[in-house]
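Residue strings, one per chain:
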Amino acid sequence: MQHTPRHAAAEPVVVLRDVHKSFGPLKVLDGVSFEVARGDVLAIIGRSGSGKSTALRCIDRFERIDRGEIRVCGHRVDDPGLDLRALRQDVGIVFQSYNLFPHLTIEENITLAPTAVKGMPRADARALAETVLAQVGLADKLRAYPEQLSGGQQQRAAIARSLAMQPEVMLFDEVTSALDPELTGEVLKVIEALAASGMTMVMVTHEMGFAKGIADEVVFMHRGRVHERGPAAILAAPATPELAQFVGTGL
C-alpha cells in the first residue's frame, strides 16, 4: 500500500526545531529539525544510538530537551509550564514493550485512561474499548488477560489502548522489534490501516520495506543529526554514503 502524501496542503502538526539533548557528556540529539503534516506518516530510521528513539520520546515529553523547540498539536512541548495531561490526550505512544497491566483484562487496560483522565462514563468507555479492539482485529479478546495473548496480540492491544484516547498523533517506537516475522506482519497491518484512515504518525522502525510502502517522508538519523530526509524513494536511491551503507546492510 502506498500512502498518498497530503503534506503539500496541510499544516504541520509536529514541529522540531534545532533540538538538542544530552545524557551527561553524551550528546544524543545535535540540532534535530523536522516536521510532520496532519495526516502524514514520518518514518525515522538509523542505527542503534543514532538518536531516533530519543527524538520520538521528546515529542511526547518523556524526555526533556536541553534547547530547541518542539510543537505538537498546538502544545509547546519545550515549555516548562506545559500541561502534560493535555499533551498526552492528543499524542499516543506505543513502545516495543507492550506495558499492559498484567492484572487487568484487556478491556480494563483500555478503559483505564478514558475513565480516569477524560472522565468518560464507564459504559461509554466499554463501548469505545469494543470499537478500538475491533479496529485492531481483537474483538474477541475483551475479557482476556495479557498473558493469554501472543506477543503480536499484546502489541495490537497496546495500540488499541492508545487509540482509545482518540489522539491526533500516534508515535510508534520500534513496535515490532521484539516480534517474530508472522506477528510483525499482523501489527504492521494495523499500522497500515491507521495510515489509510488519515492518522498522523511518527514511527521509529527498522522495517525498511514497510517504511518504503507507508511513509510520506523518511528521516535518516546519524550521530544525533538528521543526515538525510526526503520521500520514501530515498531508500532506493540514497544521496549519502551513510544511508547507502545503512540500507545496504539491511539493518
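Above this text sits the structure in question.
For the structure given in this document, a descriptive report is provided here. On a predicted model such as this, the values are computed, not experimentally measured, just so you know.

Helix and strand content of the protein: eight helices and 10 strands. The C-alpha atoms of the protein give 18 Å as radius of gyration, which agrees with the globular expectation for 251 residues (18 Å, within 12%). Each principal axis of the C-alpha distribution contributes one length, and for the protein these read about 55 × 45 × 40 Å. For the protein, the residues scored as buried account for 52% of the 251 residues in total. Sequence-distant contacts, at least 24 apart, represent 66% of the contacts inside the protein between residues at least 6 apart. As displayed, the protein has an accessible area near 11,200 Å², and 50% of this comes from carbon and sulfur atoms.

Our focus in this paragraph is the sheet that holds strand β8 (residues 200–204). Spatially, β6-β7-β8-β3-β9-β10 is the arrangement adopted by the six strands of the open sheet, whose pairing is mixed. The open sheet has two free edges, formed respectively by β6 (91–94) and β10 (225–230), since each of these has just one partner strand. Pairs of neighbouring strands in the sheet enclose a mean axial angle of 20°, with direction left out of account. In the sheet, strand β7 (residues 169–173) pairs with β8 via five bridges, with the strands oriented parallel. Residue Met170 lies in a different strand from β8, and its bridge partner there is Met201.

Judged by pairing direction, the sheet is antiparallel, and its four strands sit side by side in the order β2-β1-β4-β5 without closing on themselves. Across the chains shown, the open sheet's two edge strands, defined by having one partner strand only, are β2 (26–37) and β5 (75–76). Pairing analysis gives five bridges linking strand β1 (residues 12–23) to strand β4 (residues 67–72), with the strands arranged antiparallel. Looking across to β4, one finds that Leu16 is bridged to Ile70. Docked against the sheet, helix α1 (residues 52–59) engages β1, β2 and β4, running at close to 60° with respect to β2.

Alignment of β1 against β2, held across nine bridges, turns out to be antiparallel. Directly across from Val19, in β2, lies its bridge partner Val32. Taken together, β1 and the strand that follows it, β2, pair antiparallel across an intervening segment of two residues, in which Gly24 is found at a positive phi of about 65°.

Moving on, we come to unusual backbone geometry. Apart from glycine, the bulk of residues carry a negative phi angle, and the bulk of peptide bonds sit in the trans form. Backbone geometry at Glu174 places phi at a positive 50°, although glycine is not the residue there. Following the sequence through the fold, Glu174 ends up in the loop between β7 and α6 (181–196). Unlike most non-glycine residues, Arg223 shows phi in positive territory, near 55°. Here Arg223 shows up in the loop between β9 (217–222) and β10. We classify Arg223 as exposed; its relative accessible area is 70%.

In terms of nonpolar packing, the biggest core is built from 51 residues, with Ile159, Phe172, Ile191 and Met201 touching the most fellow members. Broken down by element, the residue count for this core peaks at seven residues, all from α6. In this structure Phe172 touches Leu56, Val94, Ile159, Ile191, Leu194, Met201, Val202, Met203 and Val204, once residues within four positions along its chain are discounted. If you look at the next biggest cluster of nonpolar residues, it comprises 30 residues, including Val14, Val72, Val77 and Met221.

Once that is clear, we can look at helix α4 (residues 122–135). End to end, α4 covers 20 Å across 14 residues, agreeing with the expected 20 Å (1.5 Å per residue, within 8%). Three or more residues of α4 are buried, namely Ala125, Leu128, Ala129, Val132 and Leu133. Along α4, the residues classed as buried sweep out an arc of 130° about the axis, all on the same side. On its buried side, α4 packs onto α3 (106–116) and α5 (151–163).

A word on the side chain of Asp173. Its place among the elements puts Asp173 in strand β7. Here Asp173 is buried and forms no salt bridge, its nearest opposite-charge partner Arg57 lying at an N-O distance of 5.3 Å. Residues within four places of Asp173 in sequence aside, it is in contact with Ser53, Leu56, Val94, Phe95, Gln96 and Val204.

With 16 residues, α6 ought to run about 22 Å at 1.5 Å a step, and its terminal C-alpha atoms sit 22 Å apart, in line with that. Looking only at α6, the buried set comprises Leu183, Thr184, Val187, Leu188, Val190, Ile191, Leu194 and Ala195. The buried residues of α6 all sit within an arc of 150° when viewed along its axis, so they share a single face. The exposed residues of α6 that point more than 90 degrees off its buried face are Pro181, Glu182, Lys189 and Ala196. In this structure, the buried side of α6 is in contact with β3 (41–46), α4, α5, β7, β8 and α7 (208–214). One or two residues past the end of α6 sits Gly198, with phi positive at roughly 95°.

Conventions used here
- Residues numbered from 1 in each chain as written.
- Predicted model: local features only at pLDDT ≥ 70, side-chain atom pairs only at ≥ 80, totals over all residues.
- Heavy atoms only, no water.
- Helix = DSSP H or I, 4+ residues; strand = E, 2+ residues; numbered from the N terminus.
- Rg over C-alpha atoms; globule rule 2.2 N^0.38 Å.
- Buried < 20%, exposed > 50% of the residue type's maximum accessible area, 1.4 Å probe, protein only.
- Contact = heavy atoms within 4.5 Å.
- Areas by Shrake-Rupley, 256 points an atom, 1.4 Å probe, with all protein chains shown as cover.
- Pairing = 2+ DSSP bridges.
- Axes fitted to C-alpha atoms, helices over the stretch in contact; angles between N-to-C directions.
- Core = buried A, V, L, I, M, F, W, Y, C linked by side-chain atoms within 4.5 Å.
- Expected span 1.5 Å × (residues − 1).
- Arc of directions from axis to C-beta.
- Lys, Arg positive; Asp, Glu negative; His and termini not counted.
- Salt bridge = Lys/Arg side-chain N within 4 Å of Asp/Glu carboxyl O.

Function cannot be read off these values alone, since they describe shape.
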